[in-house]
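Listed here are the chains, written in short residue letters.
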Amino acid sequence: KNLAKGSVVLHPDQTQSSGGFSYTVKQLELTPVTTRLVLDSKGSVPATSEQTGDLSPSKMYYDIVDQDGNPVQQNLIGYFNSKPGTEYHEDEAYKPFDKTPTSITIKPYTLTVKKDWTNVSDSKGEPVKTYHKDLEMTIPVVQ
């Protein structure tokens, strides 16, 4: 089977920043089997008002959605139970989109973590995500 058929590879080299944190999307790859996001980030992760005192933000993670806000699930999320670094090279795999989107929005988020770097969970036991709207980036998908 030709997996390259129906693939879209974008090299946007687009950067979004807020405060002392920025990230640059190097590559976005859409195939019938997977969606791949490659990016570099620099700087200290921004903290929100809920992430003070005994709570702090984790490293930055990234959700991706199509033009209608439909998310694709990340295949594997590696949670780091330690203080976030200031430079990351991310190469993340997600489920494929049902159909090729006209645009993709990257929604950066942090998890709220306790002093021992364990995640704060909601009533369902899921980690609490804090989205950083000022860091969102929309990339048009040109085929």
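Because the structure is a prediction, the values reported are computed rather than measured.

Peer 1: A description of the packing of aromatic side chains should follow, citing residues and the corresponding values.
Peer 2: One pass over the structure, following the stated rule, counts three aromatic pairs. Measuring from ring centre to ring centre gives 5.3 Å for Tyr23 and Tyr62, while their planes differ by 50 degrees; the resulting arrangement is tilted. Here Tyr62 lies in strand 6 (residues 61-66) and Tyr23 lies in strand 3 (residues 21-30), a separation of 39 residues in the sequence. Residue classification places Tyr23 among the buried positions, given a relative accessible area of 0%.

Peer 1: Can you lay out the environment of Thr15 for me, pointing to particular residues and giving the numbers?
Peer 2: Residue position: Thr15 is located in strand 2 (residues 14-18). Between the C-alpha atoms of Thr15 and Tyr88, which are 73 residues apart in sequence, the distance is 14 Å. In this structure, Thr15 is in contact with Ser22, Tyr23, Thr24 and Met137, ignoring residues within four places of it in sequence. There is a polar contact of 2.7 Å between the side chain of Thr15 and the side chain of Thr24.

Peer 1: Residues and numbers for unusual backbone geometry, please.
Peer 2: Peptide bonds are trans in most cases, and residues, glycine excluded, mostly fall at negative phi. Non-glycine residue Asp13 carries a positive phi angle of around 45 degrees. Secondary-structure assignment places Asp13 in the loop between strand 1 (8-10) and strand 2. At Trp117, a residue that is not glycine, the phi angle is positive and equals roughly 70 degrees. Looking at where Trp117 falls in the secondary structure, it is placed in the loop between strand 9 (103-113) and strand 10 (129-131).

Peer 1: Help me get a handle on the nonpolar core, residues and values and all.
Peer 2: Counting 22 residues, the largest nonpolar core has Tyr23, Leu37, Tyr62 and Ile106 as the members making the most contacts within it. Elements that contribute at least two residues to this core include exactly strand 1, strand 3, strand 4 (35-42), strand 6, strand 9 and strand 11 (137-140). Among the elements that take part in this core, strand 3 stands out by supplying five residues, more than any other. Setting aside residues up to four positions removed in sequence, Tyr62 forms contacts with Phe21, Tyr23, Leu37, Leu39, Ser41, Gln74, Glu90, Tyr94, Ile106, Lys107, Pro108 and Tyr109.

What counts, and where the lines are drawn
- Throughout this document, residue positions are counted from 1 along each chain, in the order its sequence is written.
- For a predicted model such as this one, the threshold for reporting local features is a pLDDT of at least 70, and the threshold for listing and counting side-chain atom pairs is 80 or more; totals across whole chains, interfaces and linings nevertheless cover every residue.
- By convention in this description, side-chain values take in all heavy atoms of the structure and omit both hydrogens and water.
- Pairing of aromatic side chains requires ring centres within 6.5 Å, counting the rings of Phe and Tyr and the six-membered ring of Trp. Pairs whose planes differ by under 30 degrees are stacked, by over 60 edge-to-face, and all others tilted.
- In this description a helix means any DSSP run of H or I spanning at least four residues, a strand means any run of E spanning at least two, and both kinds are numbered starting from the N terminus.
- Burial classes: relative accessible area under 20% of the type maximum marks a residue as buried, over 50% as exposed, and values in between as partly exposed (1.4 Å probe, protein chains only).
- Residue contacts are defined here by distance: any two heavy atoms, one from each residue, within 4.5 Å place the two residues in contact.
- Polar contact criterion, stated in full: a pair of N or O atoms within 3.5 Å, where within protein one must be able to donate a hydrogen and the other to accept it, and residues adjacent in sequence count only if both atoms are side-chain atoms.
- Definition of nonpolar core: a set of buried residues of the types Ala, Val, Leu, Ile, Met, Phe, Trp, Tyr and Cys, connected through side-chain atoms within 4.5 Å.

Note that all results are geometric; they support no functional claim without further evidence.
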